[in-house]
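Survey of secondary and tertiary structure
For reference, the chains in residue letters:
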Amino acid sequence: MSQRTLARYLTEEQRHKGIITNDLKLLLEVVARACQAISVAVGKGALGGVLGEAGSDNIQGEAQKKLDVLSNEILLEANEWGGHLAAMASEEMDLPHLVPHRFPKGEYLLTFDPLDGSSNIDVNVSIGTIFSVLKCPDGADLNTPQAAEQAFLQPGSAQVAAGYAVYGPTTLLVLSVGDGVVVFTLDREQGQFVLTRENVRIPAETNEFAINMANRRFWEAPLRDYVDEMQAGKSGSLGKDYNMRWVASMVADVHRIMTRGGIFMYPLDEKLRAKGGKLRLLYEANPMAFLVEQAGGAASTGRQRILDIVPERLHQRVPVILGSRQEVERVVACHSP
């Protein structure tokens, strides 16, 4: 039997199941090709002259890496001319990027974190690209970037597709179009993504957790109590030992959970309270929450389901707790009055 490539999988979702439109199929294929190009740049590393600082800051005031800037440009250039998009928004840009007038406009909006985990670029740890697709609201004002921001302020439950690419020992594309989660592996010789895992399911229970323990002194009391319970191990109330895993690359940490279960936490703490959290709702929290829920897991701020949040700003930040359902529910219970 021939291999099921990304193109074939998307055609089946469109033609046989009616899950997606032809335009969404074509859009996702373009995003995948852009991820392939980013994978090549990441793979060259120092040989391609792409390591190190870019000498600029993004809208969050964070120093950009050369690969951050390059990855953002690759995604913009790949997607602006195809006729599938009305506008794009990136973690690396202050305002939305409108499709130039010389190109046809489509019915979708694309948001992305072009290179998640970029602090790990220079040490050769897995990094990735996160993306999300929304329908552009009817009558949206796309005349200026400032006006276009309103079109993107939709809850995560409105997403029609989301995914991420992992640039590690192999390049993987993890995708959901609302019909479960599937994983594709990049066949470098063929130059295409091949389906290698279907119906991804996150185990309801886990014995692994991912959190930056260096921030413990800033955590809220409910979160400290929850982590203390896990660290107590078999002698504690949970009666089992836990292992901590922390890569500091959300894509890598979430992909481990997709593969074998676990819980990922970047909670609200005193250091982040004024900002609302660490991770960006539109570029990181929403697409990852969509994927995790499609795989049977749960995603919360600790107090609210992430996909229910109605964004107020393009670069809004939120706390993120996601992964194995029972563990996420325990964290939420800890935060309940």
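Residues numbered from 1 in each chain as written. Predicted model: local features only at pLDDT ≥ 70, side-chain atom pairs only at ≥ 80, totals over all residues. Heavy atoms only, no water.

Description of the sheet that holds strand 13 (residues 263–266)
We apply this condition: Any two strands between which DSSP finds at least two bridges are classified as paired. To qualify as a helix, a DSSP run of H or I must reach at least 4 residues; to qualify as a strand, a run of E must reach at least 2; elements of each kind are numbered from the N terminus. By definition in these notes, contact holds between two residues if any of their heavy atoms fall within 4.5 Å. Here, axes are lines fitted to C-alpha atoms. For helices the fit covers the stretch in contact, and angles between N-to-C directions go from 0 to 180 degrees.
Spatially, five strands are ordered 12-11-13-17-15 in an open sheet, and the strand pairing comes out mixed. Unpaired on one side and paired on the other, strand 12 (243–244) and strand 15 (298–300) mark the two borders of the sheet. For strand 15 and strand 17 (residues 320–323), the ladder comprises three bridges, and the chain directions are antiparallel. Paired with Ala298 across the strands is Gly323, a residue of strand 17. Sitting on the sheet, helix 7 (residues 281–294) touches strand 15 and strand 17, and the angle it makes with strand 17 is about 25 degrees.

A closer look at the packing of helix 1 (residues 6–15) against helix 2 (residues 22–44)
Condition: Any angle that is under 35 degrees is reported as roughly parallel, and any over 145 degrees as roughly antiparallel; angles of 65 to 115 degrees are reported as roughly perpendicular and all others as oblique. The sense of a crossing depends on the near helix, which, turned anticlockwise from the far helix by less than a right angle, makes the crossing left-handed and, turned clockwise, makes it right-handed. Gly counts as polar in this scheme, as do all residues outside two lists: the nonpolar Ala, Val, Leu, Ile, Met, Phe, Trp, Tyr, Cys and Pro, and the charged Asp, Glu, Lys and Arg.
One way to put it is that helix 1 packs onto helix 2 with a least axis distance of 10 Å and a crossing angle of 160 degrees. Judged on the interaxial angle alone, helix 2 and helix 1 are roughly antiparallel. In the crossing of helix 1 with helix 2, the sense of the turn from one axis to the other is right-handed. On the side of helix 1, the interface is formed by Leu6, Ala7, Leu10, Thr11 and Gln14, while helix 2 contributes Asn22, Lys25, Leu28, Glu29 and Ala32. Across the contact of helix 1 with helix 2, the residue classes tally to five nonpolar, three polar and two charged.

Some remarks on the packing of aromatic side chains
The test is simple: Pairing of aromatic rings covers Phe, Tyr and Trp, the last through its six-membered ring, and needs centres within 6.5 Å; plane angles under 30 degrees mean stacked, over 60 mean edge-to-face, and all others mean tilted. Each residue gets one of three labels from its accessible area relative to the maximum for its type: buried under 20%, exposed over 50%, partly exposed in between, using a 1.4 Å probe on protein chains only.
Counted according to the given criterion, the structure contains three aromatic pairs. Here Trp246 and Phe264 contribute two aromatic rings whose centre-to-centre distance is 5.8 Å and whose plane-to-plane angle is 15 degrees, an arrangement assigned as stacked. Here the residue Trp246 occupies a position in the loop between strand 12 and helix 6 (250–260), and Phe264 occupies one in strand 13, the gap between them amounting to 18 residues. According to the relative accessible area criterion, Trp246 is partly exposed, its value standing at 26%. Pairwise contacts between aromatic rings join Trp246, Phe264 and Tyr266 into one cluster.

Here's the deal with the packing of helix 2 against helix 3 (residues 66–79)
At a minimum axis separation of 9 Å, helix 2 and helix 3 run at an interaxial angle of 150 degrees. Overall, the two elements helix 2 and helix 3 adopt an arrangement that is roughly antiparallel. The interaxial crossing formed by helix 2 with helix 3 has right-handed handedness. Residues Leu27, Val30, Val31, Ala34, Ala37, Ile38, Ala41 and Val42 of helix 2 touch helix 3, and the partners they reach there are Leu67, Leu70, Ser71, Ile74, Leu75, Ala78 and Asn79. Looking at the contact of helix 2 with helix 3, its residues break down into 13 nonpolar, two polar and no charged.

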